[in-house]
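Remarks on the overall topology
What follows is each chain in one-letter form.
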Amino acid sequence: LFGLFRQRDPLKILVDLDHGLRSQRIFEQCEAIVFFVRLLNRYPSSLIVNSAFLKLGDLYRTSHNLIRYCVLRVFEQCQKHLPKIVNLDPLLKKISCLLNSNDNVARAVTLRVLGCMASGVADRLDIHHKVRQSLESPHPHESCAALWALSQIAQCSSLFAHAILDELPVLVVALHTSQAAKLRLISVLACMHHAPDLAARARTHCMALWESFPTQPFSLVVLRTLTELAARVPSHVAAQIELLLRTIRDDVRAKVRVQALDHVLSLLKFAAGQTPPPRLVETLLPLIHSAPHAVVLGGLRILERLSRLYPAALAVHLPRLHELLE
């Protein structure tokens, strides 16, 4: 196989790789699968991409989990080529049939393959249903794979995002859901940006979780989720900066305050108007005098950014800033 790419004809290379896929020796099959990545990157035409993935789909359906994992790696490394697949439905049938398998490892690998194909399954209600079912799996690796697939599909599919939005908070508060799964489920709410009403409902759910789970891991994830959502929905920016400033001012946990400062910095480029967001400077200046070192540095980074974005508005605060720094 190592001499394959001396050939110039990609169809001839594809035929030789197909022989490798049909080999009775596992290492030759794995080697051929790995070479598909090089083939697709060197010859990314629709004909080659379509033929290659259909061959991999056939192998995936009939092989064992080691081969399926190798195929998953090709899907992960060649996601940019997936939109060129013409015969998507046959490929999805070959892949998704494994969701009915009795082998939980095969189901977990399949969920990750489908997550790589998120844009292709955006309107496939049958696959949506299977992914949602898999969240309840008693096998941690399968439920983790379902969570990842769920987040990938939710980013691409407004239909899927609308369907799962109200289920996510229920799963988060459920007693049987582990803390790690709860945190990942909260992060999925950042994908609810497809429509203003969807984003507003997602923010409402996040704020309810902010009140219900005040511990530091949850506070950090909810703040990050709300900030990512605001970055995609400009109408949320002002409210999110207000929440972050309130957290900076009132929260006693240094790590939470530092992350809130970082989030403010990331949202400044989305803030509208010719003046800084209300109460931003007034919140930051007292930090320089009394806050922990990491919080002070975060506040100074924001002030430095403000000095470039709003030099005139910040000038009125310079005397007090000089007093605090002396």
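Small disclaimer: the values here were computed from a predicted structure and weren't measured. (Residues numbered from 1 in each chain as written. Predicted model: local features only at pLDDT ≥ 70, side-chain atom pairs only at ≥ 80, totals over all residues. Heavy atoms only, no water.)

With that settled, the discussion passes to the packing of helix 16 (residues 280-290) against helix 17 (residues 293-309). For the pair helix 16 and helix 17, the least separation of the axes is 9 Å and the interaxial angle reads 140 degrees. Viewed along their axes, helix 16 and helix 17 adopt a mutual orientation that is oblique. Relative to helix 17, the crossing made by helix 16 is left-handed. In contact with Leu280, Val281, Leu284, Leu285, Leu287 and Ile288 of helix 16, helix 17 contributes Val295, Val296, Gly299, Leu300, Ile302, Leu303 and Leu306. (Axes fitted to C-alpha atoms, helices over the stretch in contact; angles between N-to-C directions. Helix = DSSP H or I, 4+ residues; strand = E, 2+ residues; numbered from the N terminus. Parallel < 35°, antiparallel > 145°, perpendicular 65-115°, else oblique. Left-handed = near helix turned anticlockwise from the far one by under 90°. Contact = heavy atoms within 4.5 Å.)

The full count for this structure, using the stated rule, is 17 salt bridges. The salt bridge involving Asp58 is made with Lys94; its shortest N-O contact spans 2.9 Å. Here Asp58 is found in helix 3 (residues 46-62), whereas its partner Lys94 is found in helix 5 (residues 88-96), with 36 residues between them in sequence. A relative accessible area of 17% places Lys94 in the buried class. In this structure, the salt-bridge partner of Arg132 is Glu167, at a minimum N-O distance of 2.3 Å. Taken together, the residues span a long stretch of sequence, with Arg132 in helix 7 (residues 125-134) and Glu167 in helix 10 (residues 167-173) at a distance of 35 residues. (Salt bridge = Lys/Arg side-chain N within 4 Å of Asp/Glu carboxyl O. Buried < 20%, exposed > 50% of the residue type's maximum accessible area, 1.4 Å probe, protein only.)

Averaged over all residues, the pLDDT of the protein equals 90, while 93% of them reach at least 70. Mean pLDDT across the elements of the protein bottoms out in helix 19 (residues 318-325) (66) and peaks in helix 6 (residues 104-116) (97). (pLDDT = per-residue confidence, 0-100.)

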